[in-house]
Amino acid sequence: PWESGHVKVVVRRGEVLQDSFNRIINLPASDMHKYFRYEFSGEPGVDAGGIAREWFALTADASFNVDLGLFEYGGTDNVCYQISPNSG
């Protein structure tokens, strides 16, 4: 239930993946079942679903950025991804 509490995740738009990781990795296990509310640093807004949707889109885009090294393009068309053998 909402009354059980929620976790506020504040991230910088330009560092959304790193900030999210740092915030979530340091949460106690008891907070992992709570609602997550997202906020972009320096941007007013109420997370009624739109900010969370944008956060998911930005973190997904950042995760699949081939410059990060977790994934690489699969095939010749740069549409498919595969796990990079260098991702460790």
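Refer to the structure presented above.
Calculation rules
- Residues numbered from 1 in each chain as written.
- Predicted model: local features only at pLDDT ≥ 70, side-chain atom pairs only at ≥ 80, totals over all residues.
- Heavy atoms only, no water.
- Helix = DSSP H or I, 4+ residues; strand = E, 2+ residues; numbered from the N terminus.
- Rg over C-alpha atoms; globule rule 2.2 N^0.38 Å.
- Buried < 20%, exposed > 50% of the residue type's maximum accessible area, 1.4 Å probe, protein only.
- Contact = heavy atoms within 4.5 Å.
- Areas by Shrake-Rupley, 256 points an atom, 1.4 Å probe, with all protein chains shown as cover.
- Phe/Tyr/Trp six-rings, centres within 6.5 Å; stacked < 30°, edge-to-face > 60°.
- Lys NZ or Arg CZ within 6 Å of the ring centre and 35° of its normal.

(A) Examining the overall build of the protein chain more closely. Looking only at helices and strands, one finds 2 helices and 4 strands in the protein chain. Going from N to C terminus, the protein chain has its helices and strands arranged as β-α-β-α-β-β. For the protein chain, whose C-alpha radius of gyration is 16 Å, the value lies well above the compact-globule estimate of 12 Å for 88 residues. Dimensions of the protein chain along its principal axes, counting C-alpha atoms only, are 50 × 30 × 20 Å. Here the protein chain, with 88 residues, has 22% of them falling under the buried criterion. Partitioning the intrachain contacts of the protein chain with sequence separation of at least 6 by distance along the chain shows that 44% fall at a separation of at least 24. When the accessible area of the protein chain is evaluated, it comes to approximately 6,200 Å², of which 55% is carbon and sulfur surface.

(B) Here's a closer look at the packing of aromatic side chains. Inspection of the entire model under this criterion finds 7 aromatic pairs. The interplanar angle of 55 degrees and the centroid separation of 5.4 Å between the aromatic rings of F64 and Y81 together place this pair among those described as tilted. Of the two residues, F64 sits in the loop between α2 (50–63) and β3 (71–74) while Y81 sits in strand β4 (residues 80–83), which places them 17 residues apart along the sequence. Residue F64 is classed as partly exposed on the basis of its relative accessible area, which comes to 35%. Here Y81 falls in the partly exposed class, since its relative accessible area comes to 38%. Grouped by ring-pair contacts, the aromatic residues F36, Y38, W55 and F56 constitute a single cluster. Across from the ring centre of F40, 4.2 Å away, lies the NZ or CZ of R13, which sits over that ring.

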